[in-house]
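Report on the structure
In case you want the letters, here they are:
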Amino acid sequence: LYNIMIMQLIRLLKDWTLPVAIGTGCVVYIIFALVPQLDSFATAAAPVFDAMLPMFMFLVLFVTFCKVDFRKLRPVAWHWWVGVFQLLCVGAVMAAVLAFGLSGNLLILAEALLTCVISPCASAAPVVTQKLGGNLEEMTTYTFLSNFITALMIPVCFPLLDSEREMHFLAAFALILYKVFTVLVVPMLLAYVVKHHAKNLCQRIVSVKDLSYYLWGCSLLIVSGTTMKNIFHAETTLVFMLLIAIGSLLLCIFQFACGRAIGSKFGETVNAGQGLGQKNTAFAIWIACTYLSPLSAVGPGCYILWQNIINSIEIWQAQKHISNK
C-alpha cells in the first residue's frame, strides 16, 4: 500500500509539475514574508536564487537544443501569420492608448497588457511544444523570429507611451538583442558543439526523459516566488491588482486561442498556439521595470501563472489522450 501511494504521488507530481512548482514557489514566499524569524535567511538567500534562475534557464535551453536537428531550422508559413497577428495586437493597444489619451491607472493597465502582447515567445516554449507532440525545430525557429520582432517593436512603441523618457532606437534595439544573444544564442551554440563534437555526452543528455521539462519546473518555482514578491510589494489597491490579474488572464486565453486558430489553418495547432500564447514573462517584467511604470510588471507576473496553468491542462490532456490509445 505504501509503495502504491508513493507511485501515485510521483505520478501526480509528473502530471502536474508546473502547478506544483507555481504553488510551491508562492507558498514558500508567503511563509518567508509572514514569519519575521526568517527575514535574515531570506535576505541571504535572495541573491542565490537570483543567480540560480539564469542558470536553470540556460540549462533548459541547452538540453532542449541538444535534441534539435539544426538542418530543419527554417521559417514556415504559420510563423509569418502569428508574427503579423502579434503586430496587429500591439498596434491595437497602442491605438487605444493614443486615441483615448489614457493616463494614471488606465495607462498602467494598458502598459501591463502591452508587455504581455509585445513580449517574445517564451524561451521554454519548445520544451512544452515537444511535450505536446509539436514540432521542436519550428518552435525553436519561431522563438528567434519572435525575439527579433519584439526588438524592433519596443523602441518604436514605448517612446509614444512616455514622451518624457528618451529612448534611442538603436541603443534599445542593441540592448534587447544582447539579452537575446546571451539567453538564446549561447546555449544553442554550445548545444551545436556538443551535438556534433561530443556525441556520447549529447546522447546521455538526450536519453534522460523530460530533463528540460523538470529543469524548467525548478526555474518556474523561483519565478513564482519572485512574482509573489512583486505583487506583495506593489503600491496600489487590491481592486486594481485584481483588475490587472483578470485582464492578463483574458489576454492569455485570447492569445492561446487565436494562436491555435491560426495554426489550425496550417495543421500546426500546437506550435502556433504556444508561439503566440506562451510569453517570455521574465523578459516582459524586465522591460516593464526598465521602460514603463514598475507597477505594470504585475501584468506579466500574473501572466506567468495563467500561461502555466493552461500549459499544465494541455499537457494533462495530451498525456491522457496517449494513455487512452
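Residues numbered from 1 in each chain as written. Predicted model: local features only at pLDDT ≥ 70, side-chain atom pairs only at ≥ 80, totals over all residues. Heavy atoms only, no water.

Along the backbone of the chain there are 14 helices and 0 strands. Tracing the chain from N to C terminus, the helices and strands come up as α-α-α-α-α-α-α-α-α-α-α-α-α-α. The C-alpha radius of gyration computed for the chain amounts to 20 Å, which stays within 12% of the reference 20 Å derived for 325 residues, consistent with globular compactness. For the chain, the spread of C-alpha atoms along the three principal axes comes to 60 × 55 × 40 Å. Taking all 325 residues of the chain together, 47% fall into the buried category. Sequence-distant contacts in the chain: of pairs separated by 6 or more residues, those separated by 24 or more amount to 82%. Just so you have it, the chain exposes about 16,300 Å², and 70% of that area is on carbon and sulfur atoms. (Helix = DSSP H or I, 4+ residues; strand = E, 2+ residues; numbered from the N terminus. Rg over C-alpha atoms; globule rule 2.2 N^0.38 Å. Buried < 20%, exposed > 50% of the residue type's maximum accessible area, 1.4 Å probe, protein only. Contact = heavy atoms within 4.5 Å. Areas by Shrake-Rupley, 256 points an atom, 1.4 Å probe, with all protein chains shown as cover.)

The next thing to look at is the packing of helix H4 (residues 77–100) against helix H5 (residues 104–118). It is the contact of H4 with H5, at a shortest axis distance of 10 Å, that shows an interaxial angle of 170 degrees. Comparing the axis directions of H4 and H5 gives the class roughly antiparallel. For the pair H4 and H5, the contacting residues are Gln86, Cys89, Val90, Val93, Met94 and Val97 in the first and Leu107, Ala110, Leu114, Val117 and Ile118 in the second. Looking at the contact of H4 with H5 residue by residue, the classes come out as 10 nonpolar, 1 polar and no charged. (Axes fitted to C-alpha atoms, helices over the stretch in contact; angles between N-to-C directions. Parallel < 35°, antiparallel > 145°, perpendicular 65-115°, else oblique. Nonpolar A, V, L, I, M, F, W, Y, C, P; charged D, E, K, R; others polar.)

Take the packing of aromatic side chains next. Within the structure shown, the criterion is met by 6 aromatic pairs. Between the aromatic rings of Trp78 and Tyr142, the centroid separation amounts to 5.3 Å while the plane-to-plane angle is 40 degrees, which identifies the pairing as tilted. Of this pair, Trp78 sits in helix H4 while Tyr142 is found in helix H7 (residues 136–161), placing the two residues 64 residues apart along the sequence. Neither Trp78 nor Tyr142 differs from the other in exposure class; each is buried. Centre to centre, the rings of Phe283 and Trp286 are 5.6 Å apart; their planes meet at 50 degrees, and the pair counts as tilted. Placement of both Phe283 and Trp286 in helix H13 (residues 281–291) is noted, with a separation of 3 residues, approximately one turn of the helix. Three or more aromatic residues link up through ring pairs in this structure, and these residues are Phe158, Phe283, Trp286 and Tyr291. (Phe/Tyr/Trp six-rings, centres within 6.5 Å; stacked < 30°, edge-to-face > 60°.)

Okay, the side chain of His79 next. By the secondary structure assignment, His79 is in helix H4. A distance of 3.1 Å separates the side chain of His79 from the backbone nitrogen of Val76, its partner in a polar contact. Once residues lying within four places of it in the same chain are set aside, the contact partners of His79 are Arg74, Glu138, Thr141, Tyr142 and Leu145. (Polar contact = N/O pair within 3.5 Å; in protein donor to acceptor, adjacent residues only side chain to side chain.)

Taking 1.5 Å per residue as the helical rise, helix H8 (residues 169–197) with its 29 residues ought to reach 42 Å, and the 39 Å between its terminal C-alpha atoms agrees with that figure. Maximal helix bending in H8 amounts to about 40 degrees, located at Phe181. Restricting attention to buried positions, one finds in H8 the residues Ala172, Phe173, Ile176, Val180, Leu184, Pro187, Met188, Ala191 and Val194. Those residues of H8 that are buried are in contact with helix H3 (39–65), H7, helix H9 (199–207) and H13. (Expected span 1.5 Å × (residues − 1). Bend = angle between axes of the 7 residues up to and from the residue.)

The next thing to look at is a nonpolar patch on the surface. A contiguous nonpolar patch, built from Phe148, Leu152, Val156, Phe169 and Leu170 and spanning about 460 Å² of accessible area, is present on the exposed surface. Those elements giving two or more residues to the nonpolar patch turn out to be H7 and H8. By residue number, the principal contributor to the nonpolar patch is H7, which donates 3 residues. Mapping Leu170 onto the fold places it in helix H8. (Patch = residues over 30% accessible without salt bridge, like charges linked within 9 Å, V, L, I, M, F, W, Y side chains within 5 Å. Salt bridge = Lys/Arg side-chain N within 4 Å of Asp/Glu carboxyl O.)

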